[in-house]
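So you can see what is in the structure, the chains are spelled out below.
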Amino acid sequence: MKITQISVFLENRKGRLYDVCSLLGAHGVNIRALTIAETESFGVLRIVVDKSEAAIKLLRENQFVANFTDVVAIEVPDQPGGLASILKILSEHDVNIEYMYGFVEKFSDKALLVMRFEDTDFAQQVLAKQKIHVVTEKEIEGL
Amino acid sequence: MIWKENVECAARADLKELQSGYLRKLIPYIYNNCAVYRRKLDAAGVKPDQIKSIDDIKRLPITTKEDMRDNYPYGLFSAPQDQIAEIHVSSGTTGNPTLVGYTRDDVKLWGEVMARAFCCAGAVPGDTIQIAYGYGLFTGGLGSHYGALEMGLRILPTSSGQTARQLKLMQDFKPRIIACTPSYVLYMAEEAKAMGIDPTQGNWKIGVFGAEPWSESMRREIEAAWNMLATDIYGLSEIIGPGVAQECHYKDGLHVFSDVFYPEILDPTTREEVPEGQSGELVITTLTKQGIPLIRYGTRDIVSIRYDKCRCGRTSPRISKIKGRTDDMIVVRGINVFPSQIEHVLVGIEGTQPHYQIIVDRQARKLDEVEVLVEVEQRFFSDEIKQLNVIREKIRKEIENVLSIGVKVTLVEPKTIARSEGKAKRIVDKRTL
């Protein structure tokens, strides 16, 4: 199951991250996971939210450049070597990860990670075969 | 339709005769009524009775923007103030604003040349025109208004700004003609899309765009965005405002209304006439104006000129689109840089829009540095930094190819570069020389 990530272009200017977060907050959109990739002059904010359709509409209406990307959220054993065990499987099957980051919450004793793959469909097949739990959009909304 | 066929299609010899007659009257009029010009002519050693034909114009001194500023407000008037019907000023970035004063006849002349311009663009009496140039001290709005009145167009005098209302009025009154700055019409296309209006289904079929230089690539953008014919109008307030020259639907040069605004193309440094077809500064003499007639006024616009007959039937000389400004041009590390070059690059790259700003800076004892700000577009935005860097690199390389100097390209958020509802600020020169 793919989930939707929203990426937002941000200039390295004071208050821009606040602008995004307060806009989403004011409209009842809850951020579930977040990361920022930065360069010397701009950054890309990547977020997973509970209402992605509404959020992207809101952002674009407010002059932000924002796009959808398909990502996969995976449950990882929250213990030493937990992530390594997942990465080992992915690596053995030649699945490339572009980037990854963690969720704020979790539903079980397992940690929740967002992964952006070079080839999302292929990555999903591999994960399904290995019976690694992939989190659905519904589960995210219910968090 | 040609508004004033007898002059717009006149044989060149007849036109010369007409121009010579006007000039013979103009010089004594100015000499006797304007102390500044009397001094200038005396200093050049020219007596009014020596000016017999239009060819003698070369003997006359050049008028510059500095002359206008130095003699602000009344120095260059040839008509007494009780004959002045209207005054316009354009904002001066340094010192005094540039002032123009029209007699009633000058206003009539303005209406007539603007009627010629709209006709030349393809308007016919009975058309509706939306005038989205600013009304007020800026000449764009009122000049277009007088021309539209003269021509018998139905006018929507929307002035500039309030884009949502502009678009609503377009849909409600279906004007076939839009007159505004080219950057504003592109901006309105973006706004239309944001409002759920498909600009290719818009009502405007002919655009009369001016008040700022724009390139062929920008024309293609506008024509594709709005599915319209985009024509270029040229003018400057010192001469009359808009209405000095206008493209016909062949878009093969701007027809100069040379029976009243006599054009010369001079080398900006030597002030010698350049050979036909070569680029130089456009210098204009107003042959029939009364309020502030100007002799050989240096427009600072770089154009070329041609004198062959156009396919539309007009014989008037045609100037190219503005290729640059003698004062907009910045010199960076010895290289001439025109904003239009950057614009051209951006339009040529898939996904980018010509929304940019050039910042030139110089650190102490260092080389000049050029930074080009480019707005990120939805179409090329990616969640991956490396993809954004690929686009940025591509823009940088192409600009460097064109300019032959190193530049830094910075991606900025959309609509952060001052988007003109008047004129675009393309260059920020922070160098303290």
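Our structure is the block above this text.
Throughout what follows, the structure given in this document is the object of discussion. As the structure is a computational prediction, the values presented were derived from the model and not from experiment. (Residues numbered from 1 in each chain as written. Chains lettered and ligands numbered in written order. Predicted model: local features only at pLDDT ≥ 70, side-chain atom pairs only at ≥ 80, totals over all residues. Heavy atoms only, no water.)

The secondary structure content of chain A amounts to five helices and seven strands. The order of α-helices and β-strands along chain A, N terminus first, is β-α-β-β-α-β-α-β-β-α-β-α. Here the C-alpha atoms of chain A give a radius of gyration of 16 Å, agreeing with the 15 Å that 2.2 N^0.38 yields for 143 residues. On the principal axes, the C-alpha backbone points of chain A span a range of 40 × 35 × 30 Å. Across the 143 residues of chain A, 48% fall into the buried class. Taking all contacts inside chain A whose residues are at least 6 apart in sequence as the whole, residues at least 24 apart take part in 69%. Working note: accessible area of chain A is about 7,200 Å², and carbon and sulfur atoms make up 50% of it. (Helix = DSSP H or I, 4+ residues; strand = E, 2+ residues; numbered from the N terminus. Rg over C-alpha atoms; globule rule 2.2 N^0.38 Å. Buried < 20%, exposed > 50% of the residue type's maximum accessible area, 1.4 Å probe, protein only. Contact = heavy atoms within 4.5 Å. Areas by Shrake-Rupley, 256 points an atom, 1.4 Å probe, with all protein chains shown as cover.)

What follows is about the overall build of chain B. The secondary structure content of chain B amounts to eleven helices and 21 strands. Taking 2.2 N^0.38 as the reference for a compact globule, 433 residues should give roughly 22 Å; the C-alpha atoms of chain B span a radius of gyration of 22 Å, in line with that estimate. By principal-axis analysis of the C-alpha atoms, chain B measures approximately 75 × 60 × 40 Å. Counting across all 433 residues of chain B, residues that qualify as buried make up 59%. Approximately 17,800 Å² of chain B is accessible, and the part contributed by carbon and sulfur atoms is 50%.

Let us now look at a nonpolar patch on the surface. All names here are of chain A. Residues Leu17, Leu34 and Ile36 make up a contiguous nonpolar surface patch of about 210 Å² in total accessible area. Along the polypeptide, leucine 17 turns up in helix α1 (residues 16-26). On the accessibility criterion, leucine 17 (32% relative accessible area) is partly exposed. (Patch = residues over 30% accessible without salt bridge, like charges linked within 9 Å, V, L, I, M, F, W, Y side chains within 5 Å. Salt bridge = Lys/Arg side-chain N within 4 Å of Asp/Glu carboxyl O.)

Further remarks concern the pattern of salt bridges. All names here are of chain B. Inspection of every chain in the model, using the stated rule, returns 41 salt bridges over all chains. A salt bridge links arginine 116 to aspartate 259; the nearest nitrogen and oxygen atoms lie 3.0 Å apart. In this pair, arginine 116 sits in helix α5 (residues 104-121) while aspartate 259 sits in the loop between β9 (254-256) and β10 (261-266), placing the two residues 143 residues apart along the sequence. Here the two residues arginine 116 and aspartate 259 agree in accessibility, since each one is buried. Residues arginine 306 and aspartate 252 are paired through a salt bridge, measuring 3.2 Å at the closest nitrogen-oxygen approach.

By the definition in use, this model includes nine aromatic pairs over all chains. Within the aromatic cluster, the residues linked to one another by ring pairs are Phe9 and Phe42 of chain A together with Phe381 of chain B. Residue placement shows arginine 12 of chain B over the ring face of tyrosine 307 of chain B; its charged tip is 4.3 Å from the ring centre. (Phe/Tyr/Trp six-rings, centres within 6.5 Å; stacked < 30°, edge-to-face > 60°. Lys NZ or Arg CZ within 6 Å of the ring centre and 35° of its normal.)

So, to be careful, I would describe these as geometric facts and stop short of saying anything about function.
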